[in-house]
Amino acid sequence: MTPDSPTRFPRLYLHLFVSAACVLPVASYVLATFGWRPGDIGIATAVVGIAGTVASPAWGWLDDRTTWAPRAALLLTAVAAVLAALTLGRLPHAATWVALALFGVADGPLDPLLTTRVLASGIHGPRLGRVRAYGSLGWVVGLGLAATVLTLWPDHSEWVWLVAAVSAVTAPRYWGERPIPLAGPGTGVPSARGRLPLAPVLRVLAVTFPTSVAMSTLVQFTAGWAHQELSAGPFLALAPIALSAALELPVFPCVDRLVHRRPPLLAAVLAGPPLALATALLTLAPSSVTMLAVQPLIAVSFGLWFVGQSRLLAAAVPAAQQASAQTLGSALSGGAAGLLAGVVGGQLADSVGYRGLFGSLVLVTLAGSAVGGVALLRARRRAGGPAERRPAPAPEATRAPAGRPDA
């Protein structure tokens, strides 16, 4: 496959998300079929998120200095998925916990590492949303494959993790050129060795983090709410996840067109209101119909949030720190937000019910949009001309040092 192949990045997103969909959303179901108690299942799902959150920045740091990090992480996801399938029901729970934690370590950085390469690509950089839509398609396909395996072989539910491994190892091996700029005096690139770009990443997350928390909470608790209070079966409980991902396919190209004309900060700010409206409707009129009807709003919110945050992170740091910024941003906005959503969201659902939980998400998303709105107004006041109002370009590719192979 040539470096400029128009199918390379879409295929990578497709394979990565098929693999993730066969592990992450169905882990609790698979473990329950083996008689695991809820407390043990909770530990298993938590270690995946914690491991991914902790490890992602390290993978980004490594990718800014080497060319093999993504391939190693992808291979490790396949190994971890196989280990999880082999240990489940055969060894003590701790062995499966370790295998799932290893999957989290390897899977956590893949999305931001691939986003870094798309943004650095001359032909794909301006089309980040369109390319990322194939990840949403992969999520739908993966959920379909998982449901099929679980239905056809209910006594071997762990086989769904073997499907995840197959998807990972059949992904394209070539990830594209990962520019590794020479840093230091006389190169024009600030030295970034030994430190992560924490400050610029936190400035971006000041706007995007509330939407991420609300989104994670909604994803984590919708299925449980549907099952407990709406008596939804497994297919109906999982249907919103698949429907939202499918609706992201037409949303991403529209978001691309928006950020070509307007600053990415505007996209990040606009991500809040659709999610606030969706959670408000779930609060006021909870039903299966409402649960499905709000998925277009959630898809729009996710598309705006993903593209807006990714491009803001890319504009916030020099080329030498792109992978570090994307993985750190993903770890904090996805991993940390997911952990916060699980812990605090669970306590809120216990104390005030699911409707109270959804109502609190309305306030969270509106608060994030308000912060982003203030930042947008300040940016416009500081703007000295049309160039300041244009969205920041994708990071330019910098030629790798002589003798260093492409990633």
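It should be emphasised that the depicted structure is a prediction, and the values quoted were computed from it without experimental measurement. (Residues numbered from 1 in each chain as written. Predicted model: local features only at pLDDT ≥ 70, side-chain atom pairs only at ≥ 80, totals over all residues. Heavy atoms only, no water.)

1. A few points about the overall build of the protein
Okay, step 1: Within the protein, the regular secondary structure consists of 16 helices and zero strands.
Okay, step 2: Looking at the protein as a whole, 52% of its 407 residues are labelled buried.
Okay, step 3: Here the analysis covers contacts within the protein between residues at least 6 apart in sequence; of these, 85% occur between residues at least 24 apart.
Okay, step 4: Within the structure as shown, the protein displays about 17200 Å² of accessible surface, and the carbon and sulfur contribution to it stands at 67%. (Helix = DSSP H or I, 4+ residues; strand = E, 2+ residues; numbered from the N terminus. Buried < 20%, exposed > 50% of the residue type's maximum accessible area, 1.4 Å probe, protein only. Contact = heavy atoms within 4.5 Å. Areas by Shrake-Rupley, 256 points an atom, 1.4 Å probe, with all protein chains shown as cover.)

2. Brief notes about the packing of aromatic side chains
Okay, step 1: Going through the model one piece at a time under the given rule, you end up with seven aromatic pairs.
Okay, step 2: Arranged with centres 6.3 Å apart and planes meeting at 90 degrees, the rings of W36 and W97 form a pair that is edge-to-face. Residue W36 is located in the loop between α2 (27-33) and α3 (38-63), and its partner W97 is located in helix α5 (residues 93-107); the two are separated by 61 residues in the primary sequence.
Okay, step 3: A relative accessible area of 7% means that W36 is categorised as buried.
Okay, step 4: Residue W97 is classed as partly exposed on the basis of its relative accessible area of 21%.
Okay, step 5: With 5.9 Å between their ring centres and 55 degrees between their planes, W153 and W159 make a pair best called tilted.
Okay, step 6: For W159, a relative accessible area of 34% gives the class partly exposed.
Okay, step 7: Chaining the aromatic ring pairs together yields one cluster made of F252, F302, W305 and F306.
Okay, step 8: Between the NZ or CZ atom of R8 and the centre of the ring of F9, over which it lies, the distance is 4.3 Å. (Phe/Tyr/Trp six-rings, centres within 6.5 Å; stacked < 30°, edge-to-face > 60°. Lys NZ or Arg CZ within 6 Å of the ring centre and 35° of its normal.)

3. With respect to a nonpolar patch on the surface
Okay, step 1: Taken together, the side chains of Y134, L137, V141, L145 and L249 present a nonpolar region at the surface, about 360 Å² in accessible area.
Okay, step 2: Element by element, the count of residues in the nonpolar patch is highest for helix α7 (residues 128-152), at four residues.
Okay, step 3: Mapped onto the elements, L145 comes out in helix α7.
Okay, step 4: Among the residues examined, L145 registers a relative accessible area of 37% and is labelled partly exposed. (Patch = residues over 30% accessible without salt bridge, like charges linked within 9 Å, V, L, I, M, F, W, Y side chains within 5 Å. Salt bridge = Lys/Arg side-chain N within 4 Å of Asp/Glu carboxyl O.)

4. Focus: the pattern of salt bridges
Okay, step 1: Summed over all chains, the structure comprises four salt bridges.
Okay, step 2: A salt bridge links R90 to E158, with the nearest nitrogen and oxygen atoms 4.0 Å apart. Of this pair, R90 sits in the loop between α4 (69-87) and α5 while E158 is found in the loop between α7 and α8 (159-169), placing the two residues 68 residues apart along the sequence.
Okay, step 3: Look at R90 and you get exposed, because its relative accessible area is 55%.

5. A short note on helix α6 (residues 110-120)
Okay, step 1: Among the eleven residues that make up α6, ten are buried, leaving the element largely enclosed by the rest of the structure.
Okay, step 2: Within α6, burial applies to L110, P112, L113, L114, T115, T116, R117, V118, L119 and A120.

6. Description of the nonpolar core
Okay, step 1: Counting 83 residues, the largest nonpolar core has Y13, L114, V160, W161 and F306 as the members making the most contacts within it.
Okay, step 2: Setting aside residues up to four positions removed in sequence, Y13 forms contacts with D111, L114, T115, V118, L128, V131, R132, Y134, G135 and F306.
Okay, step 3: One finds V204, A268, L313 and L376 within the second-largest nonpolar core, a separate group that totals 14 residues. (Core = buried A, V, L, I, M, F, W, Y, C linked by side-chain atoms within 4.5 Å.)

7. Notes on the packing of helix α12 (residues 272-284) against helix α14 (residues 295-316)
Okay, step 1: Between α12 and α14, whose axes approach to 8 Å, the crossing angle comes to 150 degrees. Regarding the angle of α12 to α14, the classification is roughly antiparallel. Crossing of α12 against α14: the hand is left-handed. Packed against α12, whose contacting residues are P274, L275, L277, A278 and L281, the element α14 presents L297, I298, V300 and S301 at the interface.
Okay, step 2: Residue classes in the contact of α12 with α14 are distributed as eight nonpolar, one polar and no charged. (Axes fitted to C-alpha atoms, helices over the stretch in contact; angles between N-to-C directions. Parallel < 35°, antiparallel > 145°, perpendicular 65-115°, else oblique. Left-handed = near helix turned anticlockwise from the far one by under 90°. Nonpolar A, V, L, I, M, F, W, Y, C, P; charged D, E, K, R; others polar.)

8. Quick word on the packing of helix α1 (residues 8-21) against α8
Okay, step 1: Contact geometry for α1 and α8: axes closest at 8 Å, N-to-C directions at 165 degrees. As summarised for this structure, α1 and α8 are arranged roughly antiparallel, according to the angle between their axes. Regarding α1 and α8, the two cross each other, and that crossing is left-handed. Residue-level inspection shows H15, V18 and S19 of α1 in contact with α8, the latter providing A164, S167 and A168.

9. Observations concerning the side chain of S121
Okay, step 1: By the secondary structure assignment, S121 is in the loop between α6 and α7.
Okay, step 2: Judged by its relative accessible area of 16%, S121 falls in the buried class.
Okay, step 3: Every residue in contact with S121, bar those within four places of it in the chain, is listed here: F9 and P126.

10. Overview of the environment of A331
Okay, step 1: Tracing the sequence through the fold places A331 in helix α15 (residues 322-382).
Okay, step 2: In this structure, the C-alpha to C-alpha distance between A331 and G108, residues 223 residues apart in sequence, is 7.6 Å.
Okay, step 3: Once you skip the residues sitting within four places of it in the chain, A331 turns out to touch T53, S56, P57 and A336.

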